[in-house]
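Here is what each chain is made of, one letter per residue.
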Amino acid sequence: MYFCIYQLLFPGLGCHCMLYHKQFLHPSSSEWIVFIHGAGGSSAVWHKQLRDFQKEFNLLLIDLRGHGKSIDLPQAIWKEEYTFEAVTQDIIEVLDHLQLPPAHFMGVSLGTILARQLAEMEPQRVKSLVMAGAVTRLTTQSRVLVFLGNTFKKIIPYMWLYRLFAFIIMPRKQHAESRNLFIREAQKLCQKEFIRWFKLTKDINPLLKYFKEKDINIPTLYVMGDQDVMFLEPVKNIVKHHKNSILKILDRCGHVVNVEQPEQFNLLSIAFIKNQPLSLSQ
């Protein structure tokens, strides 16, 4: 029988500043998948993956700082300006605490940047990467969005901006479920936390340019929707230059592919992960 360990971390405990996380343990597999959600979301974005993936692997779901069930954690250590390295270090602390072996990492949207950052910081931990709705470069349209957001982030209620961005990135009728999911989870943020995360956008282009120029030689699967007009073309370009990367495009699908077409996404991702070398302990 599969079982789930919920770790609720409270102030006053030795690891009180650690991100909220859940483990789903498999009775025999030694393979681990770590799920990283995007900005404004939470680990709830992976709900359509749990049933299929826990049949094959051990799973670790994490709520990023200020998101999901990590919003109640003490904020003292997060008062400094956010950086991609610092936010990724939060994830690494969870991995250290659990003494997790090398794992497969799965990210969605901005979570793909964090997964790639983790592979940059500690490549020995990463067996493979699955990038859903990957962000590999900001197009002209997305740079305009970032500019508008930075201009008005302290004036306009953040949910107005978030809803606008959600409708621009996921505009079609069939995108409604994933769009509404992200909007619902984003409502758990506060204005101050939204601004902290939005300030990260100033670092995105230099970081993504570096990632494009450096092939880390880790097997990587990109799963993109053919209607992901803001992010698909840059992914096509990066796959041409990174020899261990492959791209799968889902028809009639937008940005959040794991929510819009979970069956196809799960099949592709599980097959890709099972094709990687097994852990030595298995």
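Looking up the protein chain in an unreviewed UniProt entry gives the name Alpha/beta hydrolase, with the organism given as Algoriphagus taiwanensis.

Undergrad: I keep staring at the packing of aromatic side chains and nothing clicks. Help me out?
TA: Two aromatic rings, taken as a pair, are described by how far apart their centres are and by the angle between their planes. Taken as a whole, this structure holds 3 aromatic pairs when the rule is applied. A centroid spacing of 6.4 Å and a plane angle of 40 degrees characterise the contact between phenylalanine 53 and phenylalanine 57, whose relative ring orientation is tilted. Feature note: the residues Phe35, Trp46, Phe53 and Phe57 constitute an aromatic cluster, connected by ring pairs. Its guanidinium or amino end placed over the ring of tyrosine 82, arginine 65 lies 4.5 Å from that ring's centre, counting from NZ or CZ.

Undergrad: Even after reading the chapter, I still don't get the packing of helix α2 (residues 84–98) against helix α3 (residues 110–121), so can you show me in this structure?
TA: The relative placement of two packed helices comes down to the angle between their axes together with the axis-to-axis distance. One can describe the packing of α2 onto α3 by two numbers: an axis separation of 9 Å at closest approach and a directional angle of 75 degrees. Taken as axis vectors, α2 and α3 run roughly perpendicular relative to one another. The residues of α3 that touch α2, namely those facing Phe84, Glu85, Val87, Thr88, Gln89, Ile91, Ile92 and Leu95, are Leu110, Ile113, Leu114, Gln117, Leu118 and Met121. Of the residues belonging to the contact of α2 with α3, the class tally is 10 nonpolar, 3 polar and 1 charged.

Undergrad: Just to check I follow, could you spell out the environment of glutamine 227 for this structure?
TA: Among the secondary structure elements, glutamine 227 is positioned in the loop between β7 (220–225) and α9 (232–241). Residues glutamine 227 and arginine 252, spaced 25 residues apart in sequence, show a C-alpha to C-alpha distance of 6.4 Å.

Undergrad: Sorry if this is basic, but what is going on with the side chain of glutamate 260 here?
TA: With respect to the secondary-structure elements, glutamate 260 resides in helix α10 (residues 257–260). A distance of 2.8 Å separates the side chain of glutamate 260 from the backbone nitrogen of glycine 254, its partner in a polar contact. Leave out the neighbours within four places in its chain, and glutamate 260 touches Gln174, His175, Ser178, Cys253, Gly254 and His255.

Undergrad: Could you clarify how one ought to interpret α9 in this entry?
TA: An α-helix turns once every 3.6 residues. As a result, residues three or four positions apart point the same way. Those residues of α9 lying buried are Leu232, Pro234, Val235, Ile238 and Val239. On an axial view of α9, the arc spanned by its buried residues comes to 155 degrees, and they lie on one face. Turned more than 90 degrees off the buried face of α9, the exposed positions are Lys240 and His241.

What counts and what doesn't
Residues numbered from 1 in each chain as written. Predicted model: local features only at pLDDT ≥ 70, side-chain atom pairs only at ≥ 80, totals over all residues. Heavy atoms only, no water. Phe/Tyr/Trp six-rings, centres within 6.5 Å; stacked < 30°, edge-to-face > 60°. Lys NZ or Arg CZ within 6 Å of the ring centre and 35° of its normal. Axes fitted to C-alpha atoms, helices over the stretch in contact; angles between N-to-C directions. Helix = DSSP H or I, 4+ residues; strand = E, 2+ residues; numbered from the N terminus. Parallel < 35°, antiparallel > 145°, perpendicular 65-115°, else oblique. Contact = heavy atoms within 4.5 Å. Nonpolar A, V, L, I, M, F, W, Y, C, P; charged D, E, K, R; others polar. Polar contact = N/O pair within 3.5 Å; in protein donor to acceptor, adjacent residues only side chain to side chain. Buried < 20%, exposed > 50% of the residue type's maximum accessible area, 1.4 Å probe, protein only. Arc of directions from axis to C-beta.

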